[in-house]
Amino acid sequence: MAVSITEIARLAGVSTSSVSNYFNRPERVGAVTAARIRAVVGRTGYVPDERRPGPKTGDRIGVRAGCVLLLAVGCGSLREFLAQSGAVPFLDGVREGLRARGLSLLIDFASSANGLPAGFDSRKYDGLILFGSFADPADDRLLAGRIGAFPAVRCFPYGGAFPEEVEQVICDNGAAGGVAAGFLHRQGHRLVAVFNPDGGAPELVERADCFRRAAEAFRMEVVEFTVPPFRIIPPRLRGVRGRLLAEQFLRSPAVPSGAFFCTDDSLAGVWLAMGGRMKSLDPRHLVGCGADEWVLSLLDPVPATVDPDTAELGRRAVERVTARLRGEQLAPPVPVRPRLLPGRFGVSERAFAPRR
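Asker: Give me the side chain of S266: which residues, what numbers.
Answerer: Take S266: it is sitting in helix 10 (residues 264–273). Apart from residues lying up to four places away in sequence, S266 is in contact with F195, P197, L245 and F261.

Dropping the structure here:
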């Protein structure tokens, strides 16, 4: 059954006009209301029909179809795409950028199981934005060959690599660990923990390694809890990873006073597995990663999180693909820097001293 704008409004507890403004006039929607709508959109997979020709203005040089295709790489469905960390704000950023230029959006999916697109039709869309990557690098190379000279930009929310002929827009994945380490250092911790829910995911390993190096540079001791890469856990059972991390933490003799979680999912998973009682850890001294509003809404109080700023990644992707339409040359990637979003406790985090 298709989800309507009325249903989105009901689930978010807002008016239908607020939902309409969220998609069409986002500047009119407050931050709290937008967060509630974004969480419901991410949970339901709702995508409005945004196909429209757009005006013929000077900003639309090279535009014929008036539409850009967003290809979710490695995903077989909209639900899989929106379940990716950072996908919902990324989609918001893409919509915002396209709307400002009078362009429409189409979304399609490409996975190793479902096959790759046979080609890209310039009669249907003018440019291509790719999000993510395949598990098998051979599929990435095959996809690059099919893109050819078609105006395209590849977005890596957690770093990555792709053939040079396709422009890249990336997030500074490793910097997220450094931001988290700085947050805990400012609170005065001496022993901290890092929780990695998947030791086989390169982007999470990089994040944890960067956190450990930054923490050690701040003269903090680090203890690490990781789900081994040989543990095969389907995405639909991702809560299992939180329980495995919680079990490791409970067995450990270490008593860290602060912690970094490589994903907001893992923070919520450990929190819920332990019934909100996280041994030596106070919520004010925890920091996740991903700025996942839906996941964070499960927690009370809400800890801090590192936002990879995938919304800015989406805006930059639109900027670069339209530049390619105007005939501009490839530009070297300038990573989008993450930022810290403070927790929501009702009082300042500085009022609480860390446990030693």
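Still to come is the rest of the account.
Asker: Hey, could you go over the packing of aromatic side chains for me, with residue numbers and the actual values?
Answerer: Under the defined criterion, the tally for this structure stands at seven aromatic pairs. The interplanar angle of 10° and the centroid separation of 4.3 Å between the aromatic rings of F195 and F261 together place this pair among those described as stacked. Taken together, the positions of F195 in strand 6 (residues 191–196) and F261 in strand 8 (residues 258–261) put the pair 66 residues apart, joining distant regions of the chain. Here the two residues F195 and F261 agree in accessibility, since each one is buried. Each ring, one from F225 and one from F249, has its centre 5.6 Å from the other, and the planes form 75°; the classification is edge-to-face. Highlighted residues: F225 in strand 7 (residues 221–226) and F249 in helix 9 (residues 239–251), separated in sequence by 24 residues. Relative accessible area serves as the criterion here: at 4%, F225 is assigned to the buried category. Three or more aromatic residues joined by ring pairs form one cluster here, namely F195, F225, F249 and F261.

Asker: How would you explain unusual backbone geometry if you had to name every residue and give the values?
Answerer: With an omega dihedral of 0°, the bond running from D300 to P301 counts as a cis peptide bond. Locating P301 in the fold gives a position in the loop between helix 11 (293–296) and strand 10 (304–307). Here the phi dihedral of R219 falls at roughly 65°; this positive angle occurs in a residue that is not glycine. Here R219 shows up in the loop between helix 8 (202–217) and strand 7. Unusually for a residue other than glycine, D309 sits at a positive phi of about 60°. Positionally, D309 belongs in the loop between strand 10 and helix 12 (310–325).

Asker: Which residues make up the sheet that holds strand 9 (residues 286–289), and what values do they have?
Answerer: In space, the six strands of this open sheet follow the order 7-6-8-9-10-11, with mixed pairing throughout. Either end of the sheet is taken by a strand with one partner, and the two such strands are strand 7 and strand 11 (339–341). When strand polarity is set aside, the average angle formed by the axes of neighbouring strands in this sheet is 20°. Examined bridge by bridge, strand 8 and strand 9 share two bridges and lie parallel to one another. Bridged to A259 within strand 9 is L286. Running at roughly 135° to strand 7, helix 9 makes contact with strand 6 and strand 7 of the sheet.

Definitions and cut-offs
Each chain has its residues counted from 1, following the order in which its sequence is written. Residues qualify for local features only when their pLDDT is at least 70, as the model is predicted, and side-chain atom pairs are given and counted only at 80 or more; totals for whole chains, interfaces and linings, by contrast, use all residues. Derived side-chain values reflect all non-hydrogen atoms in the structure, with water molecules and hydrogen atoms excluded from consideration. Secondary structure elements are defined from DSSP: runs of H or I of at least 4 residues count as helices, runs of E of at least 2 residues count as strands, and each element is numbered from the N terminus. Here a residue-residue contact requires only that any non-hydrogen atoms of the pair lie within 4.5 Å. Only the six-membered ring of Trp is used, alongside the rings of Phe and Tyr, when aromatic pairs are assigned; centres must lie within 6.5 Å, and planes under 30 degrees apart are stacked while those over 60 apart are edge-to-face, with the rest tilted. Three labels apply to residues, based on accessible area from a 1.4 Å probe with only protein chains included: buried if under 20% of the type maximum, exposed if over 50%, partly exposed otherwise in between. A strand pair is defined by DSSP finding two or more bridges across the two strands. As a rule, the C-alpha atoms of each element are fitted with a line to give its axis, helices using only the stretch in contact, and angles between N-to-C directions run from 0 to 180 degrees.

None of the figures reported here should be taken as evidence of function without further support.
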